[in-house]
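Structural overview
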Amino acid sequence: MVSCTRIESTLQAYIDGELGDSDRVIFEQHLEDCGVCRDSLKKQQRTNAILFTVFSEDRLSHSLRSRILTHLPLMEVTPRDSDSVVDLINQRAKNPRTLWGIVGRLMPVAAAAILVFVALILNYSYNSTDANELATATSVGMVTQARGSTDHAPGNGPEVQPAELQNYVLRGDRFDTRSGSSIMIALTGPTALKIGDSSRVLIKDAREITLEFGQIWLDVSRDGSKLFKVHTPRGDVTVFGTCFAVSHLNDETTVTVERGEVQVEKGNDFRALERGEQVRVLASGSLTEPSLVDAKSVNAWARRIMPDPLSENAFAKRLQVKAPSGELPARLVYMVNTYGKEVTALRLYWQPQPGLNVTSYCAYDLYVSSEASGAPIMHKKIEGNQFKDAEGFSLDVPMDSPVTDATSLEIRLVPNYSSGGSELSDVDIKCVVPDKKTVEPS
Amino acid sequence: MQFEDAQLVYLCLEGDTQAYGRLVEHYQGAVYATAYYYVGRHGAAEDVMQDSFFEAYRHLRRLNDPSKFGPWLKEITCRTAANWLRKHAKRIAAETPLPYKRPVAIEDHRPGPENVAERSELYEGVHRAIEALPERYRLPIVLRYLQELSYEEISEFTGESKDEVRGILQYAVRKLRDSLIAQSDANEGGKNWFRALE
């Protein structure tokens, strides 16, 4: 039973309908048993009624929008970039987006799809609407802003064109920006991707891209439980829902996190970054320690790239509807207490999913770090089918060298979907100490 | 919402007045309530509101972080209201400050002068009780009860977090409950009116 003080402190939020579901249930349960709080609620409701009634007489009942707009002062228009809205409108008029344009551009994709789904094509009447549907079914995103001199190279053909608003983005597409240009892409997920000037980005999937050079800024949705990966010539970045920037300039990769959580890895070395932290992968291949920076000013260039509202709407209408649902968790985090004992291996347990005939399990990346200091200890790859062959649904992963100085380990298990196969459900991890006994997770 | 604000501000800076129209639409309730809080008793809420949006548009370029348009607009509204009060100080000094309300509309069908008197007594009581609150708690109360803004909308405008807004309203209404309900229970004459609300 919760205390009356706590209930009293949520009275107003309850009346205003601003209490979360679980808090509301607790609140209502308490009220059933507590006369004092019922009385308080009544009085509080009376107070609310009085306040609403008294103020209702003076409420602004009509919109003053048009009165305000007709009396606006003149604002001096000094475009911040080389392009202004006017230029964009002209650009759109020059390159009107017609259905035929889309059909033409997507012909190769349509052809491939038709070959694969021979059965489907038997009663498939091909027209522009279907092509449009096909486009929305196969594309992973849409261009929502493009300024200056840019290239959009489709992954399945040689024709290179400037990136245009509302272009569909398909797997394998490549984007180039030259000096003073920028592109913004909305990827399904949803993820906002801003590409700075003099950059090249390859879209591998809605949640996997490669930055060949230049700088990008990403806002990856927290809703999608799948992770997001950025590859660079120097190391990979794995993201668990966040807002961050990556640049690869002068053969050095820099990752700056605005909010959320990011993991940067190069070979077997890795660092976990949080809000305001920055890590560099040097040309030598080594990772620097995370340092605190003013992420907002570092990423100020990205703030100047704003999406075109029409394209944003088009993206939301045509692509965002197929946002993935019910996806498996992107990572599993475990805190395992070692009680200061020496740990020689980690033992992974799992339960086979009943009723699901899994023929192959996907591979995993296993990251171990000290919970107290965050210092990395080990990174191991677990091959996909090891799980299937392991006996009794447990698998021992030996440590590179026995861990003796940590009292608690932070272990992340990140599935690698590119290996194919399904994800394990309900994995449990225990530490193995030299006498082969295990230590329970805390 | 924050993101959309920033987007609209950029469009405004490029000369799109319709984008400003959307900002006006979104914030007019909050700006009106703030203006009402300062100059409502002198019937100048709408004028101050219009001036505030005028000033905000004129100085839009000075807004450093476009996602903070709400709190910035709030500051402008407060300043505009303060300027209005300074400008009309003489006239205000000659006026009786209460009641707040604008003249009663002609189509007002409430029965009898007795009821009207009772209501204006209640009206003054509520405003007195709000004025007794610490400064920080007053504006959120007006935003909530005058324009029925949600916690989210209040937080967008005042710059306080949603949890802070929640705490502020909880504390403020609790205080008002103590003063108003006690007042109503003590005041036999006004009791019928409160009973009707139960």
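Here goes a summary of the coordinates provided. Only a predicted model underlies this, so the values are computations on that prediction, with no experimental measurement involved. (Residues numbered from 1 in each chain as written. Chains lettered and ligands numbered in written order. Predicted model: local features only at pLDDT ≥ 70, side-chain atom pairs only at ≥ 80, totals over all residues. Heavy atoms only, no water.)

1. Observations concerning the overall build of chain A
Helices and strands together make up the secondary structure of chain A, namely 13 helices and 22 strands. For chain A, contacts bridging at least 24 residues in sequence account for 59% of all contacts bridging at least 6. Surface accessibility of chain A: about 21200 Å² in total, with carbon and sulfur atoms responsible for 52%. (Helix = DSSP H or I, 4+ residues; strand = E, 2+ residues; numbered from the N terminus. Contact = heavy atoms within 4.5 Å. Areas by Shrake-Rupley, 256 points an atom, 1.4 Å probe, with all protein chains shown as cover.)

2. A look at the overall build of chain B
What chain B contains, in helices and strands, is ten helices and zero strands. When the helices and strands of chain B are placed in sequence order, the string is α-α-α-α-α-α-α-α-α-α. Across the 198 residues that make up chain B, the buried fraction comes to 52%. In chain B, 66% of the contacts between residues at least 6 apart in sequence involve partners at least 24 apart. About 9600 Å² of surface is accessible on chain B, with carbon and sulfur atoms providing 50% of the total. (Buried < 20%, exposed > 50% of the residue type's maximum accessible area, 1.4 Å probe, protein only.)

3. Thoughts on the pattern of salt bridges
Enumeration over the complete set of coordinates arrives at 33 salt bridges over all chains. Of the charged contacts, one joins A:Arg59 and B:Glu148 as a salt bridge, the two residues approaching to 2.8 Å between their closest N and O atoms. Linking A:Arg59 in the loop between helix H4 (35-56) and helix H5 (65-70) with B:Glu148 in the loop between helix H7 (135-147) and helix H8 (151-158), this pair reaches from one chain into another. Its salt-bridge partner being A:Arg178, residue A:Asp151 comes within 3.2 Å of it at the nearest N-O pair. Linking A:Asp151 in strand E2 (residues 150-153) with A:Arg178 in the loop between strand E4 (174-177) and strand E5 (182-187), this pair joins segments that are 27 residues apart in sequence. Judged by relative accessible area, A:Asp151 falls into the buried class, the value being 18%. (Salt bridge = Lys/Arg side-chain N within 4 Å of Asp/Glu carboxyl O.)

4. Things to note about the pairing of E2(A)
Residues and elements named next belong to chain A. A two-sided burial pattern is seen for E2, the buried positions comprising Thr150 and His152 on one face and Asp151 and Ala153 on the other. When E2 meets E4, the two strands line up antiparallel, connected through four bridges. Directly across from Ala153, in E4, lies its bridge partner Arg174. (Pairing = 2+ DSSP bridges.)

5. Some remarks on the interface of chain A and chain B
Listed by partner, the interface residues are 51 residues for chain A and 63 residues for chain B. Summed over both sides, the interface between chain A and chain B buries roughly 5700 Å², with carbon and sulfur atoms accounting for 60% of that surface. Inspection of the region where chain A meets chain B yields eight salt bridges. Between B:Glu14 and A:Arg147 there is a salt bridge, with its nearest N and O atoms 4.0 Å apart. Where chain A packs against chain B, one counts 27 residue pairs in polar contact (both at pLDDT 80 or more). Taken together, the elements giving at least two residues each to the side of chain A that touches chain B come down to helix H2 (11-15), H4, H5 and helix H12 (309-318) of chain A. Among the elements that take part in the side of chain A that touches chain B, H4(A) stands out by supplying 13 residues, more than any other. (Buried area = accessible area lost by both parts, 1.4 Å probe. Polar contact = N/O pair within 3.5 Å; in protein donor to acceptor, adjacent residues only side chain to side chain.)

6. So, the environment of B:Ser67
Looking at the element boundaries, B:Ser67 is found in the loop between helix H3 (45-58) and helix H4 (69-87). Separated by 60 residues in the primary sequence, B:Ser67 and B:Gln7 place their C-alpha atoms 8.3 Å from one another.

7. Things to note about the pairing of E5(A)
Residues and elements named next belong to chain A. With six of six residues buried, E5 lies mostly within the body of the structure. Burial along E5 is two-sided: Ser182, Met184 and Ala186 and Ile183, Ile185 and Leu187, pointing in opposite directions, are all buried. Pairing of strand E1 (residues 141-147) with E5 involves six bridges; the strand directions are antiparallel. What sits directly across from Gln145, in E5, is Met184.

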